[in-house]
Amino acid sequence: MVKRIGWIDCAKFVAVIAVVVDHCYGLMYISPFIAYASYFSVSLFILLSGISTWTAFERGKDTSFLYQFSKVKRLLVLYAVAVLVVLCIEQKKFDMKIYLRSLVEFNIQGPYYYLVFFIQLLMIAPILVTWCRNVNNRKHKWIIHAGALGAFGWFAYISINYTYILPVHGGGQFLGGGTYVILYYMGMLLASNGVFEQSINKRVLIAVICCGTSIVWILLMAEEILPFDRWMSPYWGAGFNPPSINLMIYSLLVLFVCYSVFSLLCKVQNKLVRRIVFIVSFFGKNTLYIWLYHLIVKSFFLKQFPDLFYQNLIFKAVIFCAIVAIPAIVKQVIYMFGEFCYDHLVCREDEYKKL
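Report follows, based on the coordinates. Chains are numbered independently. Their residues run from 1 in the order of the written sequence. The predicted origin of the model limits local features to residues at a pLDDT of at least 70 and limits the giving and counting of side-chain atom pairs to 80 or more, whereas totals for whole chains, interfaces and linings rest on all residues. With hydrogens and water stripped out, all remaining heavy atoms of the structure feed into the side-chain values.

Time to look at the side chain of T63. The helix and strand labels rest on DSSP assignments: H or I over at least four residues marks a helix, E over at least two residues marks a strand, and numbering proceeds from the N terminus. Within the secondary structure, T63 is located in the loop between helix 3 (41-58) and helix 4 (65-91). Type-normalised accessible area, obtained with a 1.4 Å probe on protein chains alone, sets the label of each residue: buried when under 20%, exposed when over 50%, and partly exposed for intermediate values. On the accessibility criterion, T63 (13% relative accessible area) is buried. The contact rule is simple, with two residues in contact once any of their heavy atoms fall within 4.5 Å. Ignoring anything within four residues of it in the chain, the contact list for T63 reads T53, A56, F57, Q68, P126 and V129.

Here it is, written out as structure tokens:
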């Protein structure tokens, strides 16, 4: 089995934390700035997906259309199970008509819009991988890549203004997710050109520069001082979801902070640090399940503690951690139980047959 890249799993954890923070607005806090600061979440996921796709190709893993289709099928199966769970909990019964409609419309819970465009990105991944590989062998590759980014920018304009997929939130409404396709390509572009292969000293420098710049950038965004989104609004819309230039740059800065900090921490031999990285990586590996089920857990706690907003900060922090942790832990318990059943039932049955 190919070893996972630790800093990518940790960065996924940061992204899913930002998702949950965004969805706790009005429940645990009412500061628009906190919510605004978390808006990098989906863009970071897309960047990491592009990086992971190229890294898989570079390591010799299958990135063909058939393999991508198998990933889509697995994703849809997990989505179908999640819709079933959500429906049964919310309706307290199973209604086939509502279930099938919810499956097709991707709207039983708001975050499921993500799947609509992410599936499209997965299916064009082999084309983008082949394109990046061929362009990287050319003499003037950066000029060609810049032209490709311009072409994707034009595609995003067409997508946002002249296509409509489903009545869901954000990028799920548009072909290819609108500007999300630019971020997906940028993830591949960065990974294919060795950007994430820096020395330790350079990583420290990147961490300091990008951390400071990202803080300044989000403050300027919050105060609406940056002009870029206003310039691009006739072409790419409001710039929130799908993202425009301001949010793209902010997401890239967060990406480089995650890369530099977590890639350094992954090399530390201190036991405490290694345990922290292990825990963060564990939840990073299970972001799909956190994303699918965190709103169910959040609704449960809201029913148990309707005055949650007025509770103290420590109590809120405990509930927040539970919202993040429970879906991943439940998934792991189910997985371990399935392995136990397979080892003790199926394998033993095969041994008896041999006897």
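Moving on, we get to the pattern of salt bridges. The salt bridge definition used is simple: a Lys or Arg side-chain nitrogen within 4 Å of an Asp or Glu carboxyl oxygen. This structure, assessed with the given rule, holds one salt bridge. One salt bridge in this structure joins R4 and D9, with 2.6 Å as the shortest N-O distance.

We now examine the packing of helix 1 (residues 6-23) against helix 11 (residues 245-265). Two numbers describe how helix 1 lies on helix 11: the axes approach to 9 Å, and their chain directions differ by 130 degrees. One element, helix 1, and the other, helix 11, form an angle in the oblique class. Classified by chirality, the crossing of helix 11 by helix 1 is right-handed. Listed contacts from helix 11 to W7, C10, A11 and V14 of helix 1 are L255, C258, Y259, F262 and S263. Lines fitted to C-alpha atoms define the axes, with helix axes restricted to the stretch in contact, and inter-axis angles between N-to-C directions lie between 0 and 180 degrees. By the definition adopted for this analysis, an angle is roughly parallel if under 35 degrees, roughly antiparallel if over 145, roughly perpendicular if from 65 to 115, and oblique otherwise. Each crossing gets its handedness from the near helix: less than a right angle anticlockwise from the far helix is left-handed, clockwise is right-handed.

This part is about the nonpolar core. For our purposes a nonpolar core is just a set of buried Ala, Val, Leu, Ile, Met, Phe, Trp, Tyr and Cys residues, chained together by side-chain atoms within 4.5 Å. Among the nonpolar cores identified, the biggest contains 113 residues, and W7, M28, I46, Y112, Y250 and L255 are the most heavily contacted of them. Take this core: its biggest share by element is 13 residues, from helix 6 (residues 113-135). Residues within four places of M28 in sequence aside, it is in contact with L308, F309, K316, I319, F320 and I323.

Shape is all these values report; function is a separate question.
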